[in-house]
Amino acid sequence: MTADRTAVARRRAAVLLAVAVTALAACTASEGIDGGGTGGAPIRAPDLGDGVEVASGLDIPWGLAFLPSGDALVAERHTGRILRVSPGGAEPEEVYEVPGVAGPEGAESGWEGGLMGLALSPDHAEDGYVHAYLTTEDDNRVVRFRLDGKDPEVVFDGIAKNRYHDGGRIAFGPDGMLYVATGDAGRPALAQDPDSPNGKILRLTPEGDPAPGNPDPGSPVHSLGHRNVQGLAWDDEGRMFATEFGQDAFDEVNLIEPGHNYGWPKVEGTGGTDGGRFTNPLITWTPDEASPSGAAVVGDTLYVAALRGERLWAVPLEDGALGEPSPRLEGRFGRLRTVGEAPDGTLWITTSNTDGRGNVREGDDRIIRFEVG
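Since the model is a prediction, treat every value here as computed from it, not as a measurement. One numbering rule holds for all chains: residues counted from 1, following each sequence as written. Given that this is a predicted model, residues contribute local features only at a pLDDT of at least 70 and side-chain atom pairs are listed and counted only at 80 or more, while totals for whole chains, interfaces and linings are drawn from all residues. Side-chain descriptors were evaluated using all non-hydrogen atoms of the structure, hydrogens and water having been removed beforehand.

Visitor: Before we go on, may I ask you to explain the overall build of the protein in this structure?
Guide: When you go through the protein residue by residue, the secondary structure sums to 1 helix and 27 strands. Think of it in three bands: residues with accessible area under 20% of the maximum for their type are buried, residues over 50% are exposed, and the middle band is partly exposed, with areas taken using a 1.4 Å probe on protein chains only. Of all 373 residues assigned to the protein, the portion counted as buried reaches 58%. Of the contacts formed within the protein by residues at least 6 apart in sequence, a portion of 55% connects residues at least 24 apart. Areas reported here follow the Shrake-Rupley algorithm with a probe of radius 1.4 Å; residue values treat only the protein chains shown as occluding. For the protein, the accessible area works out to roughly 14,500 Å², and carbon and sulfur atoms hold 46% of it. Starting at the N terminus, helices and strands are each numbered in turn, a helix being any DSSP run of H or I of at least four residues and a strand any DSSP run of E of at least two. Contact criterion: two residues are considered in contact whenever any of their non-hydrogen atoms come within 4.5 Å of each other.

Structure representation (structure tokens):
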């Protein structure tokens, strides 16, 4: 993601050298977060337990949202089904099928659209609205519905779709507003176009209107200059983190602040800020290490699910400091798509080995539940 391919090559070479020397992910300081700890003992992320499988045989599980009961709603990307999954491991129950979900384009297994993110408002009751992000024949959009079989209502539409870079993660923030992560739909210039919803993080009311207090009143745009965001998470202090797919050199974790521009397609990874116009990421990885999708903060740790990297990155957060990222579950379950914290404090992950890019294992795709500590 740079304007100058030579600059990309130079930066990529520098990062690869740094990885080879340190075997660590690179961290960059940002306002409100100190890169590299507090100066005392290194901050370490907790270990995970062995994990318990709570569901298997799923078809590209993507969205994950927890009901107050502790059960989870899980979206299957290509079938359009929403399943209710119990932490006790009972057979998943289909509770809704979202109409109008576009299937893969022909036999192309690399197609990234379909039914993706799910979100429940913080005060959600068992019979409340479920919000979902999906690809239709015409666009990407957000809809909402209750699990009563009635058709969904459109919340926000007109997000350009493509075979690649459809974004798809949605989440309610601590402010009760709905945040929507979109991709650039393979058209990088859209990420810098303030009038396009693509390549953005949008901030909406639950009904789909631009949220009060947005950087540009009347606009849904919260931040811009994104290539393909697929992870959104907040810490206990209300700081918002987003994971983003890079192109060839750098995947990113960004600290998202209202109105900030994260550089794509002018900058990939850490680079020139153009006099403060662009905001650098907190962390960069090579795509082989990451290709990051879902994100969640559990306790004092930011967890990032890695697809191509086939691991779970654990990034400790403590006293405004960003600790050293460390890998978990390397190669153990294959491609990891989504990570979320259940009401009981356990960590759930979904695999993504049946998406046409992974090595399918017996029982894939699956959901695994972990004790954290």
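So much for the structure itself; the text now carries on.
Visitor: For this particular structure, what's the right way to read a negative patch on the surface?
Guide: Only residues whose relative accessible area exceeds 30% and that form no salt bridge enter a patch; like-charged residues are grouped when within 9 Å of one another, and nonpolar side chains (Val, Leu, Ile, Met, Phe, Trp, Tyr) when within 5 Å. For salt bridges, the criterion is a side-chain nitrogen of Lys or Arg within 4 Å of an Asp or Glu carboxyl oxygen. Counting rule for charge: Lys and Arg are taken as positive, Asp and Glu as negative, and neither His nor the chain ends is counted. Charge positions are represented by NZ for Lys, CZ for Arg, CG for Asp and CD for Glu. A contiguous patch of negative charge, built from Asp236, Asp300, Glu318, Asp319 and Glu341, is present on the exposed surface. By secondary structure assignment, the location of Asp319 is in the loop between strand 22 (311-318) and strand 23 (321-322). Looking at Asp319, the relative accessible area reads 66%, which means it is exposed.

Visitor: Please clarify how the sheet that holds strand 25 (residues 336-341) should be interpreted in this entry.
Guide: What holds strands together in a sheet is hydrogen bonding between their backbones, with the strands either parallel or antiparallel. When DSSP finds at least two bridges between two strands, those strands are taken to pair. Pairing within the open sheet is antiparallel, and its 4 strands lie in the order 3-27-26-25. One side of each edge strand has no neighbouring strand; the edge strands of this open sheet are strand 3 (52-55) and strand 25. For this sheet the average axis-to-axis angle between neighbouring strands, irrespective of direction, equals 30 degrees. Bridge count for strand 26 (residues 347-351) against strand 27 (residues 367-370) is 4 bridges, and the pairing is antiparallel. Counterpart to Ile349 in the pairing with strand 27 is Ile368. Axis lines are fitted through C-alpha atoms, for helices just across the contact stretch, and the angle between N-to-C directions can take any value from 0 to 180 degrees.

Visitor: Even after reading the chapter, I still don't get the packing of aromatic side chains, so can you show me in this structure?
Guide: The way to describe two aromatic rings as a pair is by their centre distance and the angle between their planes. Under the pairing criterion, centres of Phe, Tyr and Trp rings, with the six-membered ring standing for Trp, must be within 6.5 Å; the plane angle then separates stacked pairs below 30 degrees from edge-to-face pairs above 60, leaving the rest tilted. A complete count under the given rule lists 5 aromatic pairs for this structure. Summarising the aromatic geometry, the rings of Tyr96 and Phe145 are spaced 4.2 Å apart at their centres and angled 0 degrees between planes, so their arrangement reads as stacked. Of the two residues, Tyr96 is situated in strand 7 (residues 93-97) and Phe145 in strand 10 (residues 140-145); the sequence distance between them amounts to 49 residues. Residue Tyr96 is classed as buried on the basis of its relative accessible area, which comes to 6%.

Visitor: Which parts of the structure should I look at to understand the sheet that holds strand 12 (residues 170-172)?
Guide: The strand order across the open sheet formed by 4 strands is 12-13-14-15, and the pairing between neighbours is antiparallel. Strand pairing shows two members of the sheet lacking a second neighbour, strand 12 and strand 15 (221-224), which therefore form its edges. Looking at each pair of strands side by side, their axes are set apart by 15 degrees on average, direction ignored. Inspection of the sheet shows strand 12 paired to strand 13 (residues 178-181) by 3 bridges, in the antiparallel sense. Note on strand 13: the bridge partner recorded for Phe172 is Leu178.

Visitor: Would you take a moment to explain the environment of Arg337 for this structure?
Guide: Mapped onto the elements of the fold, Arg337 is located in strand 25. Residue classification places Arg337 among the buried residues on the basis of a relative accessible area of 4%. In sequence terms Arg337 and Ala305 are 32 residues apart; their C-alpha atoms lie 5.7 Å from each other.

Visitor: Whenever I open this one, the pattern of salt bridges confuses me. Can you help?
Guide: Close approach of charged atoms allows side chains of opposite charge to pair. All chains considered together, the criterion is met by 17 salt bridges. Between Glu237 and Arg239 there is a salt bridge, with the nearest N and O atoms lying 3.8 Å from each other. Ionic pairing is found between Asp288 and Arg308, a salt bridge with its closest N-O pair at 2.6 Å. Of this pair, Asp288 sits in the loop between strand 19 (283-285) and strand 20 (292-298) while Arg308 sits in the loop between strand 21 (301-306) and strand 22, and the two are 20 residues apart along the sequence.

Visitor: It is not clear to me how the side chain of Arg141 should be interpreted in this structure. Could you clarify?
Guide: Following the sequence through the fold, Arg141 ends up in strand 10. Whenever two N or O atoms come within 3.5 Å, that pair is a polar contact, provided that in protein one can donate a hydrogen and the other can accept it, and provided that, for residues adjacent in sequence, both atoms are side-chain atoms. Within polar-contact distance, the side chain of Arg141 engages the side chain of Asp139 at 3.0 Å. Residues in contact with Arg141, not counting those within four places in the same chain, are Ala132, Tyr133, Leu134, Thr136, Val154, Phe156 and Asp157.

Visitor: Looking at this model, I keep getting lost on the pairing of strand 13. Mind explaining?
Guide: One face of the sheet, then the other: side chains in a regular strand alternate in exactly this way. Taking every second residue as pointing to the same face, both faces of strand 13 are buried, with Leu178 and Val180 on one and Tyr179 and Ala181 on the other. Here strand 12 folds back onto strand 13 in antiparallel fashion, the turn holding 5 residues, of which Gly176 has a positive phi close to 80 degrees. Relative to strand 14 (residues 200-204), strand 13 is paired through 4 bridges, and the arrangement is antiparallel. Across the sheet, the residue bridging to Tyr179 is Arg203, located in strand 14.

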